[in-house]
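As a plain string of letters, each chain reads:
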Amino acid sequence: MSTIGLIGSGLIGGTVARLATTAGHDVVLSNRRGPDSLSDLVAELGPHARAATPAQAAAAGDIVVVTIPLHAYRTIPVEPLNGKVVIDTNNYYPERDGRITELDDEATTTSELLQAHLPESRVVKALNNIFYIHLGNLARPSGHPDRSTLAIAGNDAQAKQSSTAFLDSIGYDTLDAGPLAEGWRFQRDTTAYSNPYFGDGHSLEATAQGADPGHGHPVTAETLRTALAAAKRYRDM
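Here is a short report on the structure shown in this document. None of these values were measured; they are calculated from a predicted model. (Residues numbered from 1 in each chain as written. Predicted model: local features only at pLDDT ≥ 70, side-chain atom pairs only at ≥ 80, totals over all residues. Heavy atoms only, no water.)

## Regarding the layout of surface pockets
Its volume calculated, the largest pocket comes out at about 820 Å³. In terms of lining residues, the largest pocket is bounded by 33 residues, among which I12, T67, I68, P69 and R96 are the most central. Partitioning the lining of the largest pocket into residue classes produces 16 nonpolar, twelve polar and five charged. (1 Å grid on protein atoms, 1.4 Å probe; cavity = no way out; pocket = protein on both sides within 12 Å on 5 of 7 lines; lining within 4 Å. Points joined across faces, edges and corners; volume = space filled by probe spheres on them. Nonpolar A, V, L, I, M, F, W, Y, C, P; charged D, E, K, R; others polar.)

Put into structure tokens, the structure is as follows:
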């Protein structure tokens, strides 16, 4: 089993940590508020978890999951992540992150921005297009008939293999969407973003208005492939 570093330990990060410790991985949690703020989560997760600073989590992780607001991506420590697989869960929300010209122009993608910030790391986009509650609920053992598939994108084949193995260990199959530049296909508001994992009668839009998100709905590789193929650029929506 691996040590998973988490830079950001909020809704997605905390869910990934729960799945990872259940699978037998060690996790090193961090956030911008400091290790003491994570004491309750560490206590919940048990002996396979500890809290640290972002730099310490980056150094400790065999794989490091970055799950912080996109506007803070330049605060991610660079040197401790050199050579490492970095799973990027980030999405661009202009109302939260402020306007980022190259994303508005669709000249690049969120994960390509992170890759540029971490030139010696191997960034893989994943875990960004599923609601955190569904991420926790839909995990299934390998071979289970209701196992769901998550999209990944990356420029490094070995990094994608490592990410696939990690996601497999926490309960998910993967579908390779291509290089990081193709990560736009499962970014915010696309056909592959969140709603495929909502069950009948539920949606991301309704959940944003306070509705019950439901337990979640399994998504097959075929369903996800169709959603990725149907994705439209923001300028074409």
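## Remarks on empty space enclosed by the protein
Scanning all chains against the criterion turns up one cavity of 30 Å³ or more. The space that makes up the largest cavity amounts to roughly 100 Å³. Of the residues belonging to the lining of the largest cavity, the class tally is four nonpolar, five polar and three charged.

## Description of helix 10 (residues 221-229)
When we look at burial in helix 10, the residues that qualify are L224, A227 and L228. For helix 10, the buried positions fall inside an angular range of 100° around the axis, keeping them on one side. Opposite the buried face of helix 10, by more than 90 degrees, sit the exposed residues E222, T226 and A229. Its buried side turned inward, helix 10 meets strand 7 (149-154) and strand 8 (173-176). (Buried < 20%, exposed > 50% of the residue type's maximum accessible area, 1.4 Å probe, protein only. Helix = DSSP H or I, 4+ residues; strand = E, 2+ residues; numbered from the N terminus. Arc of directions from axis to C-beta. Contact = heavy atoms within 4.5 Å.)

## Points about the side chain of R147
Among the secondary structure elements, R147 is positioned in the loop between helix 7 (132-137) and strand 7. A polar contact is formed between the side chain of R147 and the backbone oxygen of D168, at a distance of 2.6 Å. At 3.4 Å, the side chain of R147 and the backbone oxygen of G171 are in polar contact. In this view, R147 contacts R140, P141, S142, D168, G171, Y172, D173 and V219; residues no more than four positions away in its chain are not counted. (Polar contact = N/O pair within 3.5 Å; in protein donor to acceptor, adjacent residues only side chain to side chain.)

## So, the nonpolar core
One broad rule of soluble globular proteins: the nonpolar side chains tend to lie buried together. Residues V27, L29, L135 and F166 are the most contacted members of the largest nonpolar core, which totals 43 residues. Broken down by element, the residue count for this core peaks at five residues, all from helix 1 (residues 11-22). In terms of nonpolar packing, the next biggest core, distinct from the first, is built from 19 residues, I68, L70, L103 and L118 among them. (Core = buried A, V, L, I, M, F, W, Y, C linked by side-chain atoms within 4.5 Å.)

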